[in-house]
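# Structural characterization, general
Listed below, chain by chain, are the residues.
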Amino acid sequence: MPLSMDTLVSLCKRRGFIFQSSEIYGGTGSCWDYGPLGVELKNNIKRVWWRDHVQTRADMVGLDASILMHATVWKASGHVDHFTDPMVDCRECRRRFRANTLDDTPWVHYCDATKGNMFRIPGGGPCTHCGLPRTLCPDCGKGELTPPRQFNLMFKTFMGPVAEDAAVTYLRPETAQGIFVNFDNVLQSMRRKLPFGIAQIGKAFRNEITPGNFIFRTREFEQMEIEYFVNPHDSVGGRPADEYWHERWIDACMGWFQRYGLQAGNLRLREHEKDELAHYAKRTADIEYRFPIGWSELMGIANRTDFDLKQHAKWSGKTLTYFDEERKEHVVPYVIEPSAGVDRALLAFLADAYREEEVRGEKRVVLRLHPELAPIKIAVLPLLKKREEIVRTCQAIREELARRWPATYDDTAAIGRLYRRQDEVGTPFCVTVDVQTAGDSDKGEAGDGRVTIRDRDSMQQVRVPIGGLSAVFGDLLGGETWSVVAGRVGVVTSMDGG
RNA sequence: GCGGGAAUAGCUCAGCGGUAGAGCGCCAGCCUUCCAAGCUGGGGGUCGCGGGUUCGAAUCCCGUUUCCCGCUCCA
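Here is a short report on the structure shown in this document.

Cut-off values and rules
Residues numbered from 1 in each chain as written. Chains lettered and ligands numbered in written order. Predicted model: local features only at pLDDT ≥ 70, side-chain atom pairs only at ≥ 80, totals over all residues. Heavy atoms only, no water. Axes fitted to C-alpha atoms, helices over the stretch in contact; angles between N-to-C directions. Helix = DSSP H or I, 4+ residues; strand = E, 2+ residues; numbered from the N terminus. Parallel < 35°, antiparallel > 145°, perpendicular 65-115°, else oblique. Left-handed = near helix turned anticlockwise from the far one by under 90°. Contact = heavy atoms within 4.5 Å. Buried < 20%, exposed > 50% of the residue type's maximum accessible area, 1.4 Å probe, protein only. Polar contact = N/O pair within 3.5 Å; in protein donor to acceptor, adjacent residues only side chain to side chain. 1 Å grid on protein atoms, 1.4 Å probe; cavity = no way out; pocket = protein on both sides within 12 Å on 5 of 7 lines; lining within 4 Å. Points joined across faces, edges and corners; volume = space filled by probe spheres on them. Nonpolar A, V, L, I, M, F, W, Y, C, P; charged D, E, K, R; others polar. Core = buried A, V, L, I, M, F, W, Y, C linked by side-chain atoms within 4.5 Å. Pairing = 2+ DSSP bridges. Arc of directions from axis to C-beta.

## Some words on the packing of helix α2 (residues 36-55) against helix α7 (residues 241-259)
- Direction vectors running N to C along α2 and α7 enclose 140 degrees, while the axes themselves pass 12 Å from each other. The angle between α2 and α7 falls in the class oblique. When you trace α2 past α7, the crossing you get is right-handed. Together, Ile45, Val48, Trp49, Arg51, Asp52 and His53 of α2 and Trp249, Trp256 and Arg259 of α7 make up the contact between the two elements.

Written out as structure tokens, the structure is:
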């Protein structure tokens, strides 16, 4: 049975990943809070994204621009003009129209002067039979229209305590503009040569008409964006540089999601049709993921051309160009924009990791999260919580491991249940301390100082000395596979075998 | 914004005019030497909120809020 969104929502709440915002007040539509495990998962996603796209690349730098920006930014970007059209709805057929173009569009009219015959009247003029202007829905000709409503896809707010017009600005609807307006700053301060990119992770806000589907579409969300600047006059491999780099980024992004666990079969690329392209875009490709709600956009990779830099140059009066030493000319770079949603990525990673398995006739729910993404890397568990030596040993081990990795201790259930709990939150490894480990002071028996490591996915176990744990986890959490590491350090036992 | 559905314990839900329930989970104790074991006990809900009808409302009526599904919309 395919994973339902409800199942995921329920798991997220029950296990402390994601709660509905302001729940005790009845909840706030489209807003979600990340709980103790959710914030770890989200931070992990952001961290590996940043590491892989910024820190390990010579051609990338980072940025963290403020959410509130000069209001003119949004005039230059086009968001003010394109985000705030007054809209009206037909009460009958429920079609929606832009109020300011309504009077110029052709309309359907059932004319009383001709016993109610239907006419299609071109342009915005009155009916030639009755002489009356259009008052009803131009499409069905029957329904009354609602009063115009402002559809502010941008959240308007005020800078300063006095609400006067000069101080009006917006919560940014995308992080991209923070990069464009800092293009020259970065160029000057970081001595960059084209091609190079600027990355940013941050919150963005859109008054979506229809939010929903859990964290898929929310009004407050977080973006991971790159603006990669290229010289459109250059050619690479016989192609214009912007087209070449667009392709490279599509491949890189597709590969990145798979590297952290998304199955190739749940990912696909979708090219935007010509009439679907934003007016500034030369080409846009979406990476879609097979979410519980069906195939939907996970990220978009657009070729925004030189539109944004030119717009900001025009509105700011500043020169936003790059000097090409070889050609001795100033160019406005083209920009390739890989833009991903953190929340959507998190949803995809969760959905892809979710498994229901049958183990000894019982259902096992397990999140097969990539170890780098897992909120908790290691759980240290006592086989018997009544034995002081065991508990003490557990806590010492946890404390030591927690210096390098998120590690937790739990003794509130029997071992089987403890394992299942960790499975359900995606903890890749458990360390179990038993009587042999700590010894038995009552019987005067010394412990052997060895503990069991249990692998989440295979449920196999291997026994290692406490002193070797740090090195073993260094390997396991550093990218080596369980089978390789386990085979190297000890005798592997499986559930059925032992 | 429109249409439809829903709202009762942390989760899944039953109850549909007469003292708020179950399963799971959670907590504690006993037990337990590796995969959701067992036994005992426990905490937890003014049944989304506000009105109304009634001797009496989780239950019927009205309003409202929120969520879900679909439509619309989506730089």
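After that view, the rundown keeps rolling.
## Let's talk about the side chain of Thr427
- With respect to the helices, strands and loops of the structure, Thr427 is situated in the loop between α11 (415-425) and β25 (429-433).
- Here Thr427 falls in the buried class, since its relative accessible area comes to 0%.
- At 2.6 Å, the side chain of Thr427 and the side chain of Gln422 are in polar contact.
- Excluding anything up to four places from it in sequence, Thr427 contacts Ile376, Lys377, Ile378, Ala379, Gln422 and Arg456.

## A few points about the layout of surface pockets
- Taken as a whole, the largest pocket encloses approximately 1,200 Å³ of empty space.
- Contributing to the lining of the largest pocket are 39 residues, with Glu174, Arg206, Gln223, Tyr280 and Glu297 lying nearest its centre.
- The set of elements that each furnish at least two residues to the lining of the largest pocket consists of α4 (79-83), β12 (220-230), β16 (283-291), β17 (294-305), β20 (334-341) and α9 (342-353).
- Looking at which element gives the most residues to the lining of the largest pocket, the answer is β17, with seven residues.
- Each residue belonging to the lining of the largest pocket can be placed in one class, and the counts come to 14 nonpolar, twelve polar and 13 charged.
- Reported here for the second largest pocket is a volume of approximately 460 Å³.
- Together, 25 residues line the second largest pocket, and Leu369, His370, Pro371, Arg456 and Asp457 are the ones closest to its centre.
- Counting residues per element, the lining of the second largest pocket draws most heavily on α9, which supplies three residues.
- Grouping the constituent residues of the lining of the second largest pocket by class yields ten nonpolar, six polar and nine charged.

## Some remarks on the nonpolar core
- Ile45, Trp249, Phe257, Leu298 and Phe349 are the most contacted members of the largest nonpolar core, which has 62 residues in total.
- Here this core gets nine residues from one element, more than from any other, and that element is α9.
- Filtering out sequence-adjacent residues up to four positions away, Phe257 remains in contact with Leu262, Leu267, Leu298, Met299, Ala345 and Phe349.
- By size, the runner-up hydrophobic cluster in this structure holds 25 residues, among which are Ile378, Val462, Val472 and Trp482.

## Focus: the sheet that holds strand β3 (residues 60-63)
- Spatially, the seven strands line up as an open sheet ordered β3-β11-β12-β20-β17-β16-β15, and their pairing is mixed. With one partner strand each, in any of the chains shown, β3 and β15 (267-271) form the two edges of the open sheet. Across the sheet, the mean angle from the axis of one strand to that of its neighbour is 25 degrees, orientation sign disregarded.
- Both β17 and β20 contribute to a ladder of six bridges, which runs antiparallel. For Ala302, the partnering residue across the bridge sits in β20 and is Glu337.
- The sheet strands contacting helix α6 (residues 183-190) are β3, β11 (196-205) and β12, and the helix crosses β11 at an angle near 140 degrees.
- Strand contacts of α7: β3, β12, β15, β16, β17 and β20, with the helix running at about 150 degrees to β17, the strand carrying the most contacts.

## Digging into unusual backbone geometry
- In this model, Leu194 is joined to Pro195 through a cis peptide bond whose omega is 0 degrees.
- For Pro195, the position within the fold is in the loop between α6 and β11.
- At Arg191, a position not held by glycine, the phi torsion is positive, near 50 degrees.
- Along the chain, Arg191 turns up in the loop between α6 and β11.
- Classification of Arg191 by relative accessible area gives exposed; the value is 67%.
- Although it is not a glycine, Phe214 sits at a positive phi angle of roughly 60 degrees.
- Relative to the assigned elements, Phe214 resides in the loop between β11 and β12.

## Some remarks on the sheet that holds β25
- Across the sheet, which stays open at both edges, the six strands sit in the order β24-β23-β25-β28-β29-β30 with mixed pairing between neighbours. The outermost strands of the open sheet, each flanked by one partner alone, are β24 (407-409) and β30 (492-493).
- As paired elements, β25 and strand β28 (residues 450-455) share four bridges and run antiparallel to each other. Residue pairing for β28: Val431 is matched across the bridge by Ile453.
- Where helix α14 (residues 482-489) meets the sheet, its contacts fall on β25, β28, β29 (461-465) and β30, and the angle it forms with β29 comes to roughly 50 degrees.

## Section: the packing of helix α13 (residues 469-476) against α14
- For the pair α13 and α14, interaxial distance at closest approach is 9 Å and the crossing angle is 155 degrees. It follows that α13 is roughly antiparallel to α14 by the angle criterion. Helix-helix and strand crossings are classified by hand; for α13 and α14 the assignment is right-handed. Contacts from Val472, Asp475 and Leu476 in α13 reach Trp482, Val485, Arg488 and Val489 in α14.
- Across the contact of α13 with α14, the residue classes tally to five nonpolar, no polar and two charged.

## What about helix α1 (residues 5-14)?
- All of the buried residues along α1 are Met5, Leu8, Leu11 and Cys12. In an axial view of α1, the angular spread of the buried residues amounts to 125 degrees, which keeps them on one side of the axis.
- In this structure, the buried side of α1 is in contact with β1 (18-20), α9, β21 (354-359), β22 (362-367) and α11.
- In the stretch just after α1, Gly16 is the one whose phi turns positive, near 80 degrees.

## A word on the environment of Ala374
- Mapping Ala374 onto the fold places it in the loop between β22 and β23 (378-382).
- Sequence-wise, Ala374 and Pro428 are 54 residues apart; in three dimensions their C-alpha atoms are separated by 7.2 Å.
- For Ala374, the contacting residues outside a window of four places in its chain are Asn44, Leu369, Gly426 and Pro428.

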